[in-house]
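# Understanding the architecture of this molecule
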Amino acid sequence: MSADAETDTDALADVLSPPMRADARRNREQILRAAREVFADQGPDAPLDEIARRAGVGIATLYRRFPHRADLHRGVAIEVLTALVEAASRAAAEEGDPCLALRRFMHAALDLKIGSVMLALLGRFTVDEILDSVPGDAVDPIDAMLLRAQAQGLVRSDVVFGDITLMIIRLTRPLPGGGRFAPDDALAHRQLDVYIDGLRPTGSPRPTAPLGGPAVDAEAFKRIRERVIDDAHETHDVREARGAHDARDTHSGPA
């Protein structure tokens, strides 16, 4: 089947009778998830074709769900913040140990890439446009988990709300080179565990489980540094070549 035929099939599936509603809902979720990843890696002006490809849908389906790029920007922001509220509420409700609840929430928030996604979309919508569409606010359950953990002596008393949320934002910013460093996500989870361990009060028992994720020792760091610098240099050369080519085309217009 050709790409055009697949696109037409996807678009048709979205307007069929009620039995297809579950498929349409799944398509929307896949588009938002793919857009979140692409915006985090490439910014809010990333090609919509790439988002459709990663979502496994035709471009016509994407446009049917999100007629304008701004609709997709708002959809991603609402989806991320809604998932954040749900993650905080579930962790608080299902974990008896508030320290484990905080850990569970922070790792879930890390997977949402909230720092890279939301910062990439800043300026594309107003606060009211987004928060009015999100069911609840993650601030309250997060703060409640922190206060419970401190009351039980599980987290040092001078830790405040921003030490939880702002660290998640920092850790969800990609390393230089973006998607070129495949273990980036796993490394962020490892570093989050190191940080969470540092929230414990002085003298408290240390974790016995080994750290997960890639262990970037000095030699591994040198290899990553070399690859990142080489990739950045190559990207710079490509951009300069394109700029020079565009400049020549501008100056050598029709005689």
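All residue numbers here refer to positions counted from 1 along the written sequence of the relevant chain. Owing to the predicted nature of the model, reporting of local features is limited to residues with pLDDT of at least 70; listing and counting of side-chain atom pairs is limited to 80 or more, with chain, interface and lining totals taken over all residues. Each side-chain value is derived from all of the structure's non-hydrogen atoms; neither hydrogens nor water enter the calculation.

Once that is clear, we can look at the overall build of the chain. Numbering of helices and strands runs from the N terminus; a helix is a DSSP stretch of H or I covering at least four residues, while a strand is a stretch of E covering at least two. When its secondary structure is counted, the chain shows 12 helices and 0 strands. Helices and strands appear in the chain in the N-to-C order α-α-α-α-α-α-α-α-α-α-α-α. Summary of the burial criterion: residues with accessible area below 20% of their type's maximum are buried, those above 50% are exposed, and those between are partly exposed, where the area comes from a 1.4 Å probe applied to protein chains only. Here the chain holds 255 residues, and the buried ones make up 36% of them. We call two residues in contact when some of their heavy atoms are within 4.5 Å. Counted over contacts in the chain with a minimum sequence separation of 6, partners at least 24 positions apart contribute 70%.

Glancing now at the nonpolar core. Note on terminology: a nonpolar core comprises buried Ala, Val, Leu, Ile, Met, Phe, Trp, Tyr and Cys residues joined through side-chain atoms within 4.5 Å. In this structure, Ile51, Leu72, Val76, Phe105 and Ile164 are the most contacted members of the largest nonpolar core, which totals 55 residues. Broken down by element, this core gets its largest block of residues, 11 residues, from helix α5 (residues 69-94). Setting aside its immediate chain neighbours within four residues, Ile164 contacts Leu102, Met106, Ile142, Leu146, Val159 and Leu199.

This paragraph deals with the pattern of salt bridges. Two side chains that carry opposite charge are able to pair once their charged atoms sit near each other. A side-chain nitrogen of Lys or Arg and a carboxyl oxygen of Asp or Glu constitute a salt bridge if their distance falls within 4 Å. The final tally for this structure, using the stated rule, is 15 salt bridges. One salt bridge in this structure joins Arg26 and Asp23, with 2.8 Å as the shortest N-O distance. Here the residue Arg26 and the residue Asp23 both occupy positions in helix α2 (residues 21-42), the gap between them amounting to 3 residues, near one helical turn. For Glu95, the salt bridge identified is with Arg104, shortest N-O distance 3.4 Å. Each of Asp41, Glu50, Arg53 and Arg54 takes part in one network of salt bridges that share partners.

A few words on the side chain of Gln150. Along the chain, the position of Gln150 falls in helix α9 (residues 139-151). Think of a polar contact as two N or O atoms within 3.5 Å of one another; within protein, one of them needs to be a possible hydrogen donor and the other a possible acceptor, and neighboring residues in sequence only count if both atoms come from side chains. Separated by 3.5 Å, the side chain of Gln150 and the backbone oxygen of Ser157 make a polar contact. In contact with Gln150, not counting residues within four places along its chain, are Val155, Arg156, Ser157, Asp158 and Val159.

Okay, the packing of helix α10 (residues 161-171) against helix α11 (residues 184-198) next. In contact at an axis separation of 10 Å, α10 and α11 are set at 155 degrees when each is read in the N-to-C sense. The orientation of α10 relative to α11 falls into the category roughly antiparallel. In this structure, α10 meets α11 at a crossing whose hand is right-handed. For the pair α10 and α11, the contacting residues are Asp163, Met167 and Leu171 in the first and Ala188, Gln191, Leu192 and Tyr195 in the second. Here the term charged refers only to Asp, Glu, Lys and Arg, the term nonpolar to Ala, Val, Leu, Ile, Met, Phe, Trp, Tyr, Cys and Pro, and the term polar to all other amino acids, Gly among them. When the residues that make up the contact of α10 with α11 are grouped by side-chain class, the tally is 5 nonpolar, 1 polar and 1 charged. Every axis corresponds to a line fitted to the C-alpha atoms, with the helix fit spanning only the stretch in contact, and the corresponding angles, defined between N-to-C directions, vary from 0 to 180 degrees. Between 65 and 115 degrees an angle is taken as roughly perpendicular, under 35 as roughly parallel, over 145 as roughly antiparallel, and anywhere else as oblique. It is the rotation of the near helix from the far one that decides the hand of a crossing: anticlockwise by less than a right angle makes it left-handed, clockwise makes it right-handed.

Functional significance is not addressed by these values, which are geometric in nature.
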